[in-house]
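# Summary of the model geometry
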Amino acid sequence: MLAAGLLALVLPVPRGLRLIATLPVPVAVAQLIFEGYRWQLIPAYVLAAAIGAWEVVSIGRGGRSSPRGRWLTVVTTLAAGVAFAVSVAIPVLVPVFRFPDPGGPYAIGTVSYHWRDHDRREIFDGDPAARRELMAQIWYPAESSVEAETAPYVSDVDAFAPAAGKLLGIPGFVFSHFGKVRTHGVEAAPVASDRPRYPVLVFASGLNGFRQSNMFQVEQLVSRGFVVVGIDQPHISAVTAFPDGRRIPGWTKDRLVHVIQQSITPKEPAPAIGDTELPRGLFPYLAEDISFVLDELERLNDWDPSGRFTGRLDIDRAGALGISLGAVTVGQVCHADPRLKACLMMDAAMPADVVRDGLEQPAMWLTRDADSILLERNRSGGWPDHEIRETLDTQRAAFGKSKPGNGFYIETPGMFHLNYTDAPAWTPLAQALALSGPIGAQRGHEILAAYTVAFFEHALDGGRPPLLDGPPPWDEVAIERR
C-alpha cells in the first residue's frame, strides 16, 4: 500500500487515482488496532503519515507546483524512496518470525506455574529466610481438535525485553516483538487422550537464557508425545518474572565465573555466593532446581487441581536436556538424581563429578569441533583457549565412561554456540551477526531436533530409531557410540 501511495503521488495518474495516496494512513491505523504496535513498522508509520500529508498539501495547491516546487518534489521523491526501502527492509531483517510445523501427530498445549521450594534457601538473596522460587512452563501433547489462538513465544515480554537488552548492551525494544511471535502451543488445551501417560523432560537454558529459548526442539518433542518443562531460574535466566510483579534479573557471567569454574576444576579455598560457601561450585545448587521440578511434577501427577495432569505424567520415564550452562546443570543433576533416565547435553563442559564417575543413564552430547569454536571466536570473541579445551575434553571424558549402548557423541562442524538455541531463526542476518555458524539456521536446527527426538524415543520410549545406528544423513555430522 505504501508503494501504491507513493506511485500515485509521483506519477502522472488521473486525479481520481491520486486518492490512493490517502490509503496508507487508514491501513496503518488498522494495523495498529488489529495487530498492535511493532517497532519494526515505525518507518512505515512515518512514511504513511508523510504520504497522506503530501497529498493534502497537493490538494490545497490544486495540483499546481512552481519550478522551485518541482525541484522540491524531486528531492522529496528521492527521500521517500529511501524511506520506503527502509520501511520494507527492517520488517524483513527483524521479522515477526514463525516456527516450522513440528511435524508430529500431536497438537501442543501449554500452561505456566510459579513454584516455591519451602525447604531450600535462595543463596543469591542475602536474606536467610528467602526461599528458592522458579517459573516453569509445561508444553504437553494436546487434543488436535482444539481450535484457539496459539500462545506467544515469550508471554512476559515486558519483563524479558529490557532485561535481554541490558545484558546484550542493546535497546530492549529490539526484543519486544517476541510477544507477537506465535508458537504452536494452545493455552490450557486438554491433554491428548490416546495414551494414558506421557514421558517427561525438563529443559534448562543457558546463562541469561529463557525457558522458551529452544522451541525448535521443544515443539518437535511435544508433537511426538513428550511433555517438556522449561524453567526460568532466578539470577541465572535473563529475567525471572513472577505473577506478583517481581522481576529478578540475571547475573552476568563475570559475577558467576568463579563458582561456575569451581564445579569444573575445584580449587581451595572454595568460592562463595554471599555467605554460602560452594566447595563443589554452583551446579549442585542449580541441579536441585531440576530435582525440585521433578518433585512438583510428581505432586501434579498425584493431584492437579485443574485435573489436567492427574495421572498423566510418567515420572518413571523422565529425562532432561540443556544448552550451555543448562547442559552443565543437566549433567550434574543426572549424576545426582536417579529419577532421570536420559540426559542430553549441548555444547558445554561437564562438571568434575560427571567427568570422574560418568553417567549411569543413556546420555547424548550434541557438540562441535574445535575449528568451529575458533571460527566463532574470530567472528564474535569469547572462548579463551582453556574454555575450548575444557568443553571438548570434559565432554569426551564423560562420554568415554558411558555404559555400553548408552552413550552418543554427535559432532557437527559449522555450528556456533547460539545454533543450539532458537537465535538463528530470529533474523535472516543470523550469520552476519554471528548468531549462527556457516551451517545456517535451518540445517543446524534440523540436525539437532532429529537427534534429540531420536535419542529420547530410544531412551524413554524403548524404540531404536535408525538415525542412532546408521550413518548420518548429513555429510558434515559425525556420530560416535558407546
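Located above this text is the structure these notes cover.
Read on for an overview of the structure. Predicted, not measured: the structure shown is a model, and the values here were computed from it.

## Considerations on a nonpolar patch on the surface
A surface patch of nonpolar side chains, about 390 Å² in accessible area, is lined by V88, V92, L93, L429 and L433. Within the secondary structure, V92 is located in helix α4 (residues 67–93). Using a relative accessible area of 49% as the deciding quantity, one classes V92 as partly exposed.

## Some points on the state of the cysteines
One pass over the full model with this rule turns up 1 disulfide. Between C334 and C343 runs a disulfide, and the two sulfur atoms are separated by 2.0 Å. Between C334 and C343, the S-S dihedral sits near -110°, and the bridge is therefore left-handed. For the pair formed by C334 and C343, the shared burial category is buried.

## Looking at the sheet that holds strand β14 (residues 407–411)
The strand order β3-β4-β1-β2-β6-β5-β11-β12-β13-β14-β15 describes an open sheet built from 11 strands, whose pairing is mixed. Each edge of the open sheet carries a strand with a single partner, namely β3 (150–152) and β15 (478–481). Each strand axis lies, on average, 30° off the axis of its neighbour in the sheet, ignoring direction. Bridge count between strand β1 (residues 107–121) and strand β4 (residues 182–187): 3 bridges; the pairing is parallel. Counted as the bridge partner of I108 is G185 from β4. Sitting on the sheet, helix α9 (residues 325–336) is in contact with β5 (198–204), β11 (313–323) and β12 (340–346), with an inclination near 155° to β12. Strands in contact with helix α13 (residues 441–461) are β5, β11, β12, β13 (363–367), β14 and β15; relative to β12, the strand with the most contacts, it is inclined by about 165°.

The rules behind each value
Residues numbered from 1 in each chain as written. Predicted model: local features only at pLDDT ≥ 70, side-chain atom pairs only at ≥ 80, totals over all residues. Heavy atoms only, no water. Patch = residues over 30% accessible without salt bridge, like charges linked within 9 Å, V, L, I, M, F, W, Y side chains within 5 Å. Areas by Shrake-Rupley, 256 points an atom, 1.4 Å probe, with all protein chains shown as cover. Salt bridge = Lys/Arg side-chain N within 4 Å of Asp/Glu carboxyl O. Helix = DSSP H or I, 4+ residues; strand = E, 2+ residues; numbered from the N terminus. Buried < 20%, exposed > 50% of the residue type's maximum accessible area, 1.4 Å probe, protein only. Disulfide = S-S within 2.5 Å. Pairing = 2+ DSSP bridges. Axes fitted to C-alpha atoms, helices over the stretch in contact; angles between N-to-C directions. Contact = heavy atoms within 4.5 Å.

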